[in-house]
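This is what each chain is made of:
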Amino acid sequence: MLGGMTASTLTRFWDACAASFDDEPDHGLTDPRVRAAWQRRMRGWLPTAPADVLDAGCGTGSLAALAAADGHRVTGVDLAPEMIAQARGKFAAAGLPGRFAVGDAADPPTGDARFDVVLCRHLLWTLPDPHAALAAWTARLRPGGRLVLIEGRWGRQDDPVTPYVPEAAGLPWPGGVPAADLARAVAPLTPRVEPLHDDADLWGRPVHDERYALIAR
Ligand SMILES: C[S@@+](CC[C@H](N)C(=O)[O-])C[C@H]1O[C@@H](n2cnc3c(N)ncnc32)[C@H](O)[C@@H]1O
């Protein structure tokens, strides 16, 4: 839930990012080496296709597109209409099937649909109540389903984090979340943590902060 934050401020921020979002190597996956690195990881995190995958906070849909290209049935949800427009355009250009909706990923507007996977990259840090979102996603998993959470704690742990919009001042995980904290937060699911900061191909450059995938079942 967006709680006390004004959705319009956040939406405007992310809408403004949408056109150039894919310029970052790990966002657009246009570099074949970066794309291959994510594709390899995704194949290890997702079950055998076809699975129903909800991409929460899908942005421009790059990871969703990797999943769809491997035969998964993908639904992407994002707060920002311009992000969803980019994602839809990406799927159309690649001839990939996918469903997209504008909405709050913490309470996805997907009715009573259940998923084999809830996939989420780099969203939890900007949610007002990430614990509630994790509970909502877990409730939408089919029996045997999994959360695939790609997160990190960017910068130094003791660095103060400047809110990216004024309303983000009260976020609980503003600079990201260490894997150990997220592992506790997904209970009663059982987490497996895969470090990602040692794989420069994923990011298009070496990185020195904490980055990981947490698969919880
Ligand atoms: C850092 S981007 C990550 C995008 C995508 N998951 C990726 O890894 O390329 C964060 C995304 O979360 C979206 N977002 C922020 N708050 C959201 C919310 N409450 N519900 C849905 N999407 C949200 C933004 O619009 C943005 O597209």
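Sequence order as written defines residue numbering, which begins from 1 separately in each chain. Owing to the predicted nature of the model, reporting of local features is limited to residues with pLDDT of at least 70; listing and counting of side-chain atom pairs is limited to 80 or more, with chain, interface and lining totals taken over all residues. Computation of side-chain values: all heavy atoms of the structure, hydrogens and water removed.

S.K.: In this structure, what is going on with the layout of surface pockets? I would like to understand it.
M.R.: Empty pockets left among the atoms are what a rolling probe the size of a water molecule brings to light. Quantified by volume, the largest pocket comes out at close to 820 Å³. At the level of elements, α1 (7–21), α2 (25–28), α4 (62–69), β2 (73–78) and β4 (115–121) are the ones that each hand at least two residues to the lining of the largest pocket. When its residues are assigned to classes, the lining of the largest pocket shows 22 nonpolar, 10 polar and 9 charged. The distinction between a cavity and a pocket rests on a 1 Å grid over the protein atoms alone: a 1.4 Å probe fits inside a cavity but cannot get out, while a pocket stays open yet meets protein on both sides within 12 Å along at least five of seven lines, and a residue with an atom within 4 Å of a point counts as lining. Grid points are joined across faces, edges and corners, and a volume is the space filled by probe spheres set on the points. Counting from the N terminus, the helices are the DSSP runs of H or I reaching at least four residues and the strands are the DSSP runs of E reaching at least two. All residues other than Ala, Val, Leu, Ile, Met, Phe, Trp, Tyr, Cys, Pro, Asp, Glu, Lys and Arg, Gly among them, are scored as polar; the first ten of these are nonpolar and the last four charged.

S.K.: How should I be thinking about the sheet that holds strand β1 (residues 52–56) in this particular structure?
M.R.: The pairing of strands in a sheet happens through backbone hydrogen bonds and is either parallel or antiparallel. We treat two strands as partners when DSSP finds at least two bridges between them. The strand order β3-β2-β1-β4-β5-β7-β6 describes an open sheet built from 7 strands, whose pairing is mixed. What marks the edges here is a single partner per strand, and that holds for β3 (99–102) and β6 (191–195). On average, each strand axis in the sheet is inclined to that of its neighbour by 15 degrees, with strand direction left out of account. Sheet topology note: the β4/strand β5 (residues 141–153) ladder contains 6 bridges and is parallel. Considered in β5, the bridge of Cys120 is made with Leu149. Here helix α6 (residues 130–139) sits on the sheet and contacts β1, β4 and β5; the angle it forms with β5, its principal contact strand, is near 150 degrees. Working convention: axes come from line fits to C-alpha atoms, limited for helices to the stretch in contact. Angles between N-to-C directions cover 0 to 180 degrees. Contact definition: two residues touch when any of their heavy atoms are within 4.5 Å.

S.K.: Is there a simple way to think about the side chain of Asp116 in this case?
M.R.: Within the secondary structure, Asp116 sits in strand β4. Exposure is judged per residue with a 1.4 Å probe applied to protein chains only, and the accessible area is read against the type maximum: over 50% gives exposed, under 20% gives buried, and values in between give partly exposed. What makes Asp116 buried here is its relative accessible area of 19%. Under the rule applied, a polar contact is a pair of N or O atoms within 3.5 Å (in protein, one hydrogen donor and one hydrogen acceptor; residues adjacent in sequence only if both atoms are side-chain atoms). A polar contact is formed between the side chain of Asp116 and the side chain of Arg142, at a distance of 3.0 Å. If sequence neighbours within four positions are ignored, Asp116 has contacts with Ala51, Asp52, Leu141, Arg142, Gly145 and Arg146.

S.K.: Would you explain the site of the ligand in this entry?
M.R.: When we say a residue is near a molecule or strand, we mean one of its heavy atoms is within 4 Å of it. Taken together, the neighbourhood of the ligand is formed by 18 residues, with Gly57, Asp78, Asp104, Ala105 and Arg121 sitting nearest. At 3.1 Å from a nitrogen atom of the ligand is found a main-chain nitrogen or oxygen belonging to Leu79. Within the backbone of Ala105, a nitrogen or oxygen atom sits 2.8 Å from a nitrogen atom of the ligand. Considering the ligand on its own, with 590 Å² of exposed area, one finds that the protein chains cover 97% of that surface. Accessibility throughout is a Shrake-Rupley quantity obtained with a 1.4 Å probe, and a residue counts as covered only by protein chains that appear here.

S.K.: Looking at this model, I keep getting lost on unusual backbone geometry. Mind explaining?
M.R.: The bulk of non-glycine residues show a negative phi, and the bulk of peptide bonds are trans. At the junction of Ala49 and Pro50, the peptide bond is cis and its omega measures out at 0 degrees in the coordinates. Along the polypeptide, Pro50 turns up in the loop between α3 (32–45) and β1. Omega for the peptide link from Ala187 to Pro188 comes to 10 degrees, which places this bond in the cis form. Its place among the elements puts Pro188 in the loop between α7 (179–185) and β6. Within the chain, Leu29 stands out as a residue other than glycine whose phi angle is a positive 55 degrees.

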